[in-house]
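Each chain, written out:
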Amino acid sequence: MAVQGDRPVQTTDKAPQHAYERAMQKVLERGSSMLAYWDSDQRCCFASKAYARWFGVDPQGLIGASIKDVLGPTLFALDELQILAALRGEEQISQRTILCPDGVQRQSLAHYLPDIVDGDVLGFVAQVTDVTSLKEAETALHAEAVDPGRPGDRLRKSEATLRQAQRLVRIGSWHWEASPDISTWSEELYRIFGRDPARLPPAYAEHGQLYTAQSWPVLQAAVAQTLVHGDPFILAWHTLASGERYVSPRFSHQRLDLAAEQAFDWETQRVLLPDGRYGVVCYFHEITARQQAERALRESEEHLRLATATTGVGIWEWDAAGGQIRWDAQMFRIFGIEPTFDGGVPAETWVDCVVMEDRARLDESLQGTVRKLGAASREFRIRRLNDGQLRTIESVETVRADAQGKVQWVVGTNLDVTAQRQMEAELNLSARRKDEFLATLAHELRNPLAPVKNSLALMKRANGDAGLLEQARATMERQVAQMVRLIDDLVDVSRITLDKLTLTLERIDLASVVHLAVETCQPHCEREGQALRVVLPPQPVHLHADQARLAQVLGNLLNNASKYTPAGGCIELIAETHGDAVVVTVRDTGIGIPADMQSRVFDLFTQIDASRNLSKGGLGIGLALAKRLTELHGGSIAVRSEGRDRGSEFVVNLPLADEDRGLAPPEVAADTMSAPPARRILVVDDNLDSAESLAALLGLDGHETRMAHDGLQAVEMAATFRPDVILLDIGLPSLDGYEACRRIRAQTWSEHIVIIAMTGWGQADDRRKSSEAGFDIHCVKPVDHAVLAQLLTCSRARIASARFS
């Protein structure tokens, strides 16, 4: 890389940015096109070899040089106004006579094209054309026009050369002498303006391309039909009188004669004729193809910029021979670095962004790819330069070598994959937690099954021993209650996840909530030999809350404390009022919570040292439920612990009820009228064991029962049995419970029948569907027998007002 001051510049034998630019550079280097790119400081960033030869400088020495030094003081002074105008965004043309390195004076036409991006002028392109032959031919033509009797062989040859040159470069010329009034048009100018040179007027045959002023209206009409950007005839008078050169900006117009758009630029200059008089020469340059190519190039670059911006992919190139690195705009955004004017980036800047732990591995991998002349991909981490963010980058690169296998270029892409990797990590963590949860769930469900199975065996061999039977019954009752609690927690988690958990808010007494919570935890504390201490305020504390859900919160906290407190430990529940809130603290002397776990204890499926306490049981969802239910009540919950074996403390903060909320609604009670001694009950369930055991249990209560095991059978049996109550499952074969209920409700004889849904489906949508189908109550299995016994004593009207579901 060549350096001018602190500015890196592009060498002439190295590629700019993209493949198409490299191909264009090869054409320019091997051809005769004289092009150079000068930045806003008027220093050379790129130059073709032909351009360097024209000014007699070394191509390598040209890079970074000032345009004043290259052109020389005289030529620079002549063109300084045009150069400054180009840096203001104005396209300029300069025609000068220069002394070439071989000592020959040549005529040059310099075209200065500003490089404008998003309204900023980054520099300009200088295109130089050798028009010496063109000028000589024009001079010869002019001499012949003045003196037709001069020998014409050399003149005609020059004229042919001139016409061929003008046709090749698409330049048409027009000369005018004010006195005598002579106008000369080149053949190519006719073609530019859509006129056929073969159909010229007689004056053309007599005097070549000589016209008098009388032919101007015809020529002006031709121009007017095609050229709408200025009038060269009017400008010619101004140039002739003042000597001021006029250079038109590049413009496009719709050719009326061709029905096509063409692009032009043109220039008018005053010239000194051999006899000392002044004339005017005007050059028209048709640049449609060049402008279309430039437009296509800009569109291609814009598409590439949009593609990289949209996908977030950054493109980089490394010149292995020169050690030069270039980035596109997206690369600068990825690394948080201010873009450079030419995309050049020092290797040190790139390396400094890579985190220290990844640098050696990244360099070794990249060098290995270069040695193998292949392609590779890898990931590494960077710290963005502007904000210090740690980002993960996915890099893909490929090596370009010449025919001899020598590395020329390494081209690659960078993509910020931080979000994707974070998502993958979260998904992996979620999958791991799911696997742990399923393993724990299987363990927790097997735990109560073992004592239930043992109790059943004990009952078979009890031989009427009342003590053994009571022991087996109590064990089974506790274990079934544990299974029901596990399943209820799972259902609640699902409702919370789907945001479908609702509360039944009423004015309640905190003491009643604590009583329910202690009632669920007391047996476990007694079996473990743990002391349970409860302290409540002396005065009643009222809350606007869902009593069952709030009891679930405190019950989960107490159960959690008992689970992780060793035998002989102490558990406390202390409630205190503070302003308009009540603070309930559940404190234990258990194993405590490590500092790194305290922020995670409320996450789903999280357990503290599960390997050490797996026998304690639990799915890791109790605290998550407690937190969400507390928040639904407008409260908060926090945890404190001094570490392992130092106990833990959970603090629940709940708002007190407003005094104007009114009293609690009256409790639902059974009918005041005495219930009939027995009910006719139809039990419908496709699970035979469930149906038979429930029917037998109801029979012990004195009810008359019938059983059905599918929906159609239920409808038919209801018509013949005419029950007082139907306990109807939802998921039934042949006809589901919803449709069976609808068909029964369509009969007049079903008006007084109480239909209760007894199902494992308990979501809000399931309850809505059962209500729409005609069910009176929606109960989720398993239903407590005492609750069911109470329901069986109620009429339809009483059930409707009680809202048991």
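Because the structure is a prediction, the values reported are computed rather than measured.

A.B. asks: Explain the nonpolar core to me, please; I cannot follow it from the model alone.
C.D. replies: Across soluble globular proteins, nonpolar side chains show a tendency to be buried alongside one another. Ranked by size, the top nonpolar core spans 36 residues in total, and within it L510, L543, L557, L558, V582 and V584 carry the most contacts. Broken down by secondary-structure element, the contributors of at least two residues to this core are α18 (510-528), β22 (542-545), α19 (547-563), β23 (570-578), β24 (581-588), α20 (622-632), β25 (636-640) and β26 (648-655). Apart from the residues lying within four places of it in its own chain, the contact partners of L558 are A517, V518, C521, L532, I571, L573 and V586. Counting residues in each nonpolar core, the second largest holds 28 residues, with W38, I67, V70 and L71 among its members.

A.B. asks: Just to check I follow, could you spell out the packing of α19 against α20 for this structure?
C.D. replies: Think of two packed helices as two axes; the pair is described by the angle between the axes and how far apart they sit. Here α19 crosses α20 at 145°, and the two axes come no closer than 9 Å. Here α19 and α20 pass one another in a crossing that is left-handed. In this structure, α19 uses R549, Q552, V553, N556, L557 and N560 to contact α20, whose residues at the interface are G622, L623, L625, A626, L629 and T630.

A.B. asks: Mind showing me how you'd approach the sheet that holds strand β30 (residues 754-759) here?
C.D. replies: In any sheet, the strands associate via hydrogen bonds between backbone groups, in a parallel or an antiparallel arrangement. Within the open sheet, the five strands sit side by side as β28-β27-β29-β30-β31. Their pairing is parallel. In this open sheet, the two edge strands, each paired with only one partner strand, are β28 (704-708) and β31 (777-780). Here the average twist between neighbouring strands, direction ignored, is 20°. Alignment of β30 against β31, held across four bridges, turns out to be parallel. Paired with T759 across the two strands is V780, which belongs to β31.

A.B. asks: Where do I start with the confidence of the model for the protein chain in this structure?
C.D. replies: Detailed reading of the predicted coordinates is not advisable wherever pLDDT falls low. Across the protein chain, the average pLDDT comes to 75, with 70% of residues at or above 70. Confidence over residues 198-230 falls short of pLDDT 50; this stretch has 57 contacts with residues more than four positions distant or in other chains.

A.B. asks: For this particular structure, what's the right way to read the side chain of D766?
C.D. replies: Considering the arrangement of structural elements, one finds D766 in helix α24 (residues 764-773). No salt bridge is formed by the buried D766; its nearest oppositely charged neighbour, K769, is found at 5.3 Å. Not counting the four nearest positions on each side in its chain, D766 is found in contact with Y738, W761 and H778.

A.B. asks: For this particular structure, what's the right way to read helix α23 (residues 737-745)?
C.D. replies: Think of an α-helix as 3.6 residues a turn; residues three or four steps apart then line up on the same face. Those residues of α23 lying buried are G737, Y738, A740, C741, I744 and R745. The buried residues of α23 all sit within an arc of 165° when viewed along its axis, so they share a single face.

A.B. asks: What exactly am I supposed to notice about the sheet that holds strand β21 (residues 531-535) here?
C.D. replies: Spatially, β21-β23-β24-β26-β25 is the arrangement adopted by the five strands of the open sheet, whose pairing is mixed. Looking at the sheet topology across the chains shown, the edges are occupied by β21 and β25. Shown here is a sheet whose adjacent strand axes are inclined to one another by a mean of 15°, direction ignored. Against the sheet, α19 touches β21, β23, β24, β25 and β26, its axis set at about 25° to β24.

A.B. asks: Which parts of the structure should I look at to understand unusual backbone geometry?
C.D. replies: Working note: non-glycine residues mostly have negative phi, and peptide bonds are mostly trans. Notably, Q42 is not glycine yet its phi reads approximately 65°, a positive angle. Counting through the fold element by element, Q42 comes out in the loop between β3 (34-39) and β4 (44-47). The exposure class assigned to Q42 is buried, which follows from its relative accessible area of 17%.

A.B. asks: Explain the packing of aromatic side chains here, please?
C.D. replies: Any aromatic ring pair is given by two values, namely how distant the centres are and how the planes are angled relative to each other. Under the criterion given, the structure shown has eight aromatic pairs. Judged by centre distance (5.0 Å) and plane angle (75°), the ring pair of W316 and W350 falls under edge-to-face. With a gap of 34 residues between them, W316 in strand β15 (residues 313-319) and W350 in helix α14 (residues 347-353) connect regions that are remote in the sequence. What makes W350 buried here is its relative accessible area of 14%. Aromatic ring contacts, followed pair by pair, group W316, W327, F332, F335 and W350 into a single cluster.

A.B. asks: Would you mind showing me how to read the pattern of salt bridges here?
C.D. replies: Close approach of charged atoms lets side chains of opposite charge pair. If you walk through the whole model with that rule in mind, you get 24 salt bridges. Note that R640 and E649 form a salt bridge whose closest N and O atoms lie 2.4 Å from each other. Notably, a salt bridge pairs E739 with R742, separated by 3.2 Å at the nearest N-O pair. With E739 and R742 both in helix α23 and three residues apart, this pair spans about one turn of that helix. For E739, a relative accessible area of 25% gives the class partly exposed. Each of R533, E572, R587, R640 and E649 takes part in a single network of salt bridges with overlapping partners.

A.B. asks: Can you walk me through the state of the cysteines in this structure?
C.D. replies: The bond known as a disulfide is covalent and runs between the sulfur atoms of two cysteines. Enumeration according to the criterion identifies zero disulfides in this entry. Here C44 is not cross-linked by a disulfide; its sulfur's nearest cysteine counterpart is in C45, at 6.7 Å.

A.B. asks: Explain a nonpolar patch on the surface to me, please; I cannot follow it from the model alone.
C.D. replies: A cluster of nonpolar residues, L456, M459 and L469, forms a patch on the protein surface that exposes about 230 Å² of accessible area. Checked against the element boundaries, M459 lands in helix α16 (residues 418-460). M459 gets classed as partly exposed once you look at its relative accessible area, which sits at 36%.

A.B. asks: Would you take a moment to explain the pairing of β23 for this structure?
C.D. replies: The side chains of a regular strand alternate, residue by residue, between the two faces of the sheet. Pairing of β21 with β23, which is carried by five bridges, proceeds in the parallel orientation. Opposite L532, over in β23, you have I571 as the bridge partner. In the sheet, β23 pairs with β24 via eight bridges, with the strands oriented antiparallel. Following the sheet pairing, I574 is matched in β24 by T585. The turn joining β23 and β24, which pair antiparallel and follow one another in sequence, is formed by two residues; a positive phi near 65° is taken by G579.

A.B. asks: Honestly, α24 in this entry has me stumped. Any pointers?
C.D. replies: Of the residues making up α24, those classed as buried are D766, S770 and A773. Angularly, the buried residues of α24 cover 65° about the axis, an arc narrow enough to put them on a single face. On its buried face, α24 sits against α23 and β31.

A.B. asks: Can you walk me through the packing of α23 against α24 in this structure?
C.D. replies: α24 packs onto α23 with a crossing angle of 20° between their chain directions and a minimal axis gap of 8 Å. Compared by their axis directions, α23 and α24 come out roughly parallel. Crossing angle aside, the handedness with which α23 passes α24 is right-handed. When α23 is examined against α24, the residues Y738, C741, R742 and R745 are found in contact with a partner set consisting of D766, K769, S770 and A773.

A.B. asks: Looking at this structure, how should I read the environment of A678?
C.D. replies: Inspection of the secondary structure assignment puts A678 in the loop between β26 and β27 (680-684). Judged by relative accessible area, which is 31%, A678 ranks as partly exposed. Sequence separation between A678 and E704 is 26 residues, and the spatial gap between their C-alpha atoms is 6.9 Å. When residues no more than four places from it in sequence are discounted, the contact partners of A678 are G702 and H703.

A.B. asks: So what exactly am I meant to see when it comes to the environment of V651 here?
C.D. replies: Structurally, the position occupied by V651 is in strand β26. When the C-alpha positions of V651 and R640 are compared, they lie 8.2 Å apart, and in sequence the two are eleven residues distant. Not counting chain neighbours up to four residues away, the residues in contact with V651 comprise V583, V584, T585, S636, I637, A638 and R640.

A.B. asks: Would you take a moment to explain the side chain of S395 for this structure?
C.D. replies: Its location among the elements puts S395 in strand β18 (residues 390-401). A residue is classified by how much of its surface remains accessible, and S395, at 4% relative accessible area, is buried. A polar contact of 3.1 Å, which involves the side chain of S395, links it to the side chain of E397. Within polar-contact distance, the side chain of S395 engages the side chain of N414 at 3.2 Å.

About the criteria used
- Residues numbered from 1 in each chain as written.
- Predicted model: local features only at pLDDT ≥ 70, side-chain atom pairs only at ≥ 80, totals over all residues.
- Heavy atoms only, no water.
- Core = buried A, V, L, I, M, F, W, Y, C linked by side-chain atoms within 4.5 Å.
- Buried < 20%, exposed > 50% of the residue type's maximum accessible area, 1.4 Å probe, protein only.
- Helix = DSSP H or I, 4+ residues; strand = E, 2+ residues; numbered from the N terminus.
- Contact = heavy atoms within 4.5 Å.
- Axes fitted to C-alpha atoms, helices over the stretch in contact; angles between N-to-C directions.
- Left-handed = near helix turned anticlockwise from the far one by under 90°.
- Pairing = 2+ DSSP bridges.
- pLDDT = per-residue confidence, 0-100.
- Lys, Arg positive; Asp, Glu negative; His and termini not counted.
- Salt bridge = Lys/Arg side-chain N within 4 Å of Asp/Glu carboxyl O.
- Arc of directions from axis to C-beta.
- Phe/Tyr/Trp six-rings, centres within 6.5 Å; stacked < 30°, edge-to-face > 60°.
- Disulfide = S-S within 2.5 Å.
- Patch = residues over 30% accessible without salt bridge, like charges linked within 9 Å, V, L, I, M, F, W, Y side chains within 5 Å.
- Areas by Shrake-Rupley, 256 points an atom, 1.4 Å probe, with all protein chains shown as cover.
- Parallel < 35°, antiparallel > 145°, perpendicular 65-115°, else oblique.
- Polar contact = N/O pair within 3.5 Å; in protein donor to acceptor, adjacent residues only side chain to side chain.

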